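Given next are the chains, with one letter for each unit.
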Amino acid sequence: MHQDDTNDIDALHQLFDHIIDEGVGVILDTHSFDALHVRLRELMRPLAQAIVSEAGEDADDSQVDQAARAIATRAALDLWNHTPIPDNHFRPYKMDKPERNAPCPCGSQRKYKQCCGAVDSPSLTLPPDEMAARVLKRLPKERIGEIGALGVPVHTLGMVAQAWFEQERFDDVVALLEPVFKDVRGLDERAELAADVLGNAWLALGDEARRLELIATLKRAPDKTLKSAAFQREATLNCDRGDFPAAWAAFGQAQRLTPNNPTLAHLEVLLLLADGREAEARARVDFWTAKLSRDPEFDHSELIGLLHQMLDLGRVDERLAALPEDYPERRLLLHVEIEGIEPPIWRRLEVENSLTFAELHDILQTAMGWDDAHLHEFIVGEYRIGPAFEAEWDEPALPGEEVELGQVIGRKKSFRYLYDFGDGWSHRITIEQRLPSTPTERPAVLLAGKRACPPEDCGGVRGYYRLLNALARPDSEENRETLEWLGDYKPDAFSLASVRKDVASLFRRI
């Protein structure tokens, strides 16, 4: 899929997300279908304009109004029938879809079949849990305590609490969920998410006693899944304390309660790795991979990937531990050049070899003029260094924030920096000199450079040369769209003073 198509789809999703949120707000504030319809007509007008234009018609106001009215009517009916109302026992208001000859609900006084019903409008996707979450997040804080009495499904409460937890509303999470677990006799596996979020909230608030009390309460639950979840959390707690006999005992209890629970795979591998039993962990990952892959009902590919990532992290830790902690501190004179381009685009910098590769990445992004909008990786001899991401290589990359230049560069004369695996920008970094360290100076300084770096997402080296060709032939009709996309880009432009200041601003003077 083209990048522009992806951006258009993302923008459309954001638009509808905003429309749904706005519609929910109008329903809760006004309890009026007419008010909802009026607001949706306003929000749908840009979409209606695009639809009329897409159809190849002249977008006059009457056509746009008709399209906006029809789309708004369908959306209003969907929202009205799917928005749970707190004061209505958390049930939606209901309005039947009008019969063909009934008056159109848009208020035009025309028959539905001759008005909004004549326009083919798509339905909104409104999952009940998601709609409940949208409603709950609009309730004022003083009403949080009432939610438990509204009949909201416990899984929905868990979803809302998860969103609040990510916003660091830990006290609100507790206020929402603590009443749910006063009596666990009527709860089942649907309460597991809520229990997990509540436990995490107690942890974030530093209240270990309440967290342990929650685990003890869940262990008394009649439901096996909830009870198993409690033993799993107990196993994790004991693992964190280094009490592996107790951790394995709790794991055994969870396994007896729910032997086919996929979450046991993650916990078992975690305990084995923490207990230093890596060979067993690898064997169990193979076992769980085979078992989960045979499940005909669910796709466990994400969990399987996570299990293998856990093994990768173990290998990464071993390789990090093998790196030298002591090395001669030097100030490196680096020449950085984008490969495959003439005249060359280059920069010359001085950097301390005590910097991490994550810091060097920031320096290179600033010095070259990139936007840091894509993945990157350094290749230094046998080492691949960069952020964690899914890849096909057998050996995972070392994390850039944990590896210093001096730990891996040694006496090497050059290394490579890859940026944007789609466009494939390869930078050759040559170590021109090893100078004495100057710890009282800024750890990175830009000394020289030539030419602007290519625009982001221009298609790599070939795409860059196509852009240069378009700039050389500005009067060509076929280059008009390319030149509009380029804007005021000037390939030879490079302000050493300005970029040097930007690089310097990355670090405070010691």
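Residues numbered from 1 in each chain as written. Predicted model: local features only at pLDDT ≥ 70, side-chain atom pairs only at ≥ 80, totals over all residues. Heavy atoms only, no water.

Observations concerning the overall build of the chain
Next, step 1: Across its full length, the chain carries 18 helices and 10 strands.
Next, step 2: For 510 residues, the compact-globule formula gives about 24 Å, and the C-alpha radius of gyration of the chain, at 30 Å, lies well above that figure.
Next, step 3: Dimensions of the chain, computed from the C-alpha atoms along their principal axes, are close to 80 × 75 × 45 Å.
Next, step 4: Taking all 510 residues of the chain together, the buried fraction comes to 43%.
Next, step 5: Of the contacts formed within the chain by residues at least 6 apart in sequence, a portion of 64% connects residues at least 24 apart. (Helix = DSSP H or I, 4+ residues; strand = E, 2+ residues; numbered from the N terminus. Rg over C-alpha atoms; globule rule 2.2 N^0.38 Å. Buried < 20%, exposed > 50% of the residue type's maximum accessible area, 1.4 Å probe, protein only. Contact = heavy atoms within 4.5 Å.)

Topic: the nonpolar core
Next, step 1: Leu-36, Leu-40, Leu-79, Leu-176, Leu-177 and Phe-181 are the most contacted members of the largest nonpolar core, which has 62 residues in total.
Next, step 2: Here this core gets 10 residues from one element, more than from any other, and that element is helix 3 (residues 61-82).
Next, step 3: Grouped together as the second largest cluster of nonpolar side chains are 49 residues, Ile-363, Met-368, Phe-415 and Tyr-489 included. (Core = buried A, V, L, I, M, F, W, Y, C linked by side-chain atoms within 4.5 Å.)

A look at the sheet that holds strand 4 (residues 346-352)
Next, step 1: The 8 strands are arranged 7-6-5-8-9-3-4-10 in an open sheet whose pairing can be described as mixed. With partners counted over all chains shown, the strands left at the sheet margins are strand 7 (398-399) and strand 10 (444-450), one partner each.
Next, step 2: Bridge analysis of strand 5 (residues 376-380) against strand 6 (residues 383-386) gives 3 bridges, and the strand direction is antiparallel. Its bridge partner being in strand 6, Val-380 is matched across the sheet by Tyr-383.
Next, step 3: Its contacts with the sheet put helix 14 (residues 357-368) on strand 3 (330-338), strand 4, strand 5, strand 6, strand 8 (414-419), strand 9 (425-436) and strand 10, and the angle it makes with strand 4 is roughly 150°. (Pairing = 2+ DSSP bridges. Axes fitted to C-alpha atoms, helices over the stretch in contact; angles between N-to-C directions.)

Some thoughts on the packing of aromatic side chains
The relation between two aromatic rings is expressed through the spacing of the ring centres and the mutual angle of the planes.
Next, step 1: Per the counting criterion, the structure on display carries 12 aromatic pairs.
Next, step 2: Summarising the aromatic geometry, the rings of Phe-378 and Tyr-417 are spaced 4.8 Å apart at their centres and angled 40° between planes, so their arrangement reads as tilted. Remark: Tyr-417 occurs in strand 8 and Phe-378 occurs in strand 5; sequence separation between them is 39 residues.
Next, step 3: A residue is classified by how much of its surface remains accessible, and Phe-378, at 0% relative accessible area, is buried.
Next, step 4: Clustering of aromatic rings is evident, with ring pairs tying together Phe-357, Phe-378, Phe-415 and Tyr-417.
Next, step 5: Here Arg-169 stacks its cationic end above the ring of Trp-164, 4.2 Å away from the centre of that ring. (Phe/Tyr/Trp six-rings, centres within 6.5 Å; stacked < 30°, edge-to-face > 60°. Lys NZ or Arg CZ within 6 Å of the ring centre and 35° of its normal.)

Some points on the side chain of Asn-261
Next, step 1: As for its position among the elements, Asn-261 is in the loop between helix 10 (244-257) and helix 11 (263-274).
Next, step 2: A distance of 2.9 Å separates polar atoms of two side chains, one belonging to Asn-261 and the other to Thr-263.
Next, step 3: Look past the residues within four positions of Asn-261 in its chain and what remains in contact with it is Ser-228, Gln-232 and Trp-288. (Polar contact = N/O pair within 3.5 Å; in protein donor to acceptor, adjacent residues only side chain to side chain.)

Some points on the environment of Ala-373
Next, step 1: Mapped onto the secondary structure, Ala-373 falls in the loop between helix 14 and strand 5.
Next, step 2: Placed 341 residues apart in sequence, Ala-373 and Ser-32 show a C-alpha to C-alpha distance of 44 Å.

Comments concerning unusual backbone geometry
For residues besides glycine, phi is generally negative; the peptide bonds are generally trans as well.
Next, step 1: Here the bond from Glu-342 into Pro-343 is cis, since omega is -10°, no more than 30 degrees from zero.
Next, step 2: Topologically, Pro-343 is positioned in the loop between strand 3 and strand 4.
Next, step 3: Its identity as a non-glycine residue notwithstanding, Gln-109 has a phi of 70°, on the positive side.
Next, step 4: Summarising the element assignment, Gln-109 is placed in the loop between strand 2 (91-92) and helix 4 (128-136).
Next, step 5: Even without a glycine there, the phi angle at Glu-168 is positive, about 65°.
Next, step 6: Along the chain, Glu-168 turns up in the loop between helix 5 (154-166) and helix 6 (170-177).

Quick word on the packing of helix 10 against helix 11
Next, step 1: Packing of helix 10 against helix 11 leaves a shortest axis separation of 11 Å and a crossing angle of 165°. Relative to helix 11, helix 10 is oriented roughly antiparallel. Pair helix 10 / helix 11 crosses with left-handed handedness. Contacts between helix 10 and helix 11 pair Phe-244, Ala-247, Trp-248, Phe-251, Ala-254 and Gln-255 from the former with Leu-264, Leu-267, Glu-268, Leu-271, Leu-272 and Ala-274 from the latter.
Next, step 2: Split by residue class, the contact of helix 10 with helix 11 holds 10 nonpolar, 1 polar and 1 charged. (Parallel < 35°, antiparallel > 145°, perpendicular 65-115°, else oblique. Left-handed = near helix turned anticlockwise from the far one by under 90°. Nonpolar A, V, L, I, M, F, W, Y, C, P; charged D, E, K, R; others polar.)

Let's talk about the pairing of strand 4
The two faces of a sheet get side chains in turn, since along a regular strand they alternate between them.
Next, step 1: Most of strand 4 sits out of view: 6 of its 7 residues are buried.
Next, step 2: Bridge count for strand 3 against strand 4 is 7 bridges, and the pairing is antiparallel. Looking at the pairing, Arg-331 lines up with Glu-352 of strand 4.
Next, step 3: As paired elements, strand 4 and strand 10 share 6 bridges and run antiparallel to each other. What sits directly across from Arg-348, in strand 10, is Ala-448.

A word on the confidence of the model for the chain
Next, step 1: Overall, the predicted model of the chain reaches an average pLDDT of 88, with 94% of residues at or above 70.
Next, step 2: For the stretch residues 1-6, pLDDT sits under 50, and the model shows 2 contacts to residues farther than four places along the chain or on other chains. (pLDDT = per-residue confidence, 0-100.)

What about helix 6?
Next, step 1: Counting buried positions over the 8 residues of helix 6 gives 6, a clear majority of the element.
Next, step 2: Every buried residue belonging to helix 6 is among Phe-170, Asp-172, Val-173, Val-174, Leu-176 and Leu-177, and all of these are buried.

Describing the environment of Ala-175
Next, step 1: Mapped onto the elements, Ala-175 comes out in helix 6.
Next, step 2: Relative accessible area serves as the criterion here: at 35%, Ala-175 is assigned to the partly exposed category.
Next, step 3: Sequence separation of Ala-175 and Val-408 is 233 residues, and the distance between their C-alpha atoms is 51 Å.

Some words on the pairing of strand 5
Next, step 1: Counting buried residues along strand 5, 4 of its 5 residues qualify, which places the element largely inside the surrounding structure.
Next, step 2: In terms of strand pairing, strand 5 meets strand 8 through 4 bridges, oriented antiparallel. Bridge pairing in strand 8 places Glu-377 opposite Leu-418.
Next, step 3: Adjacent in sequence and paired antiparallel, strand 5 and strand 6 are bridged by 2 residues, among which Gly-381 carries a positive phi angle near 60°.

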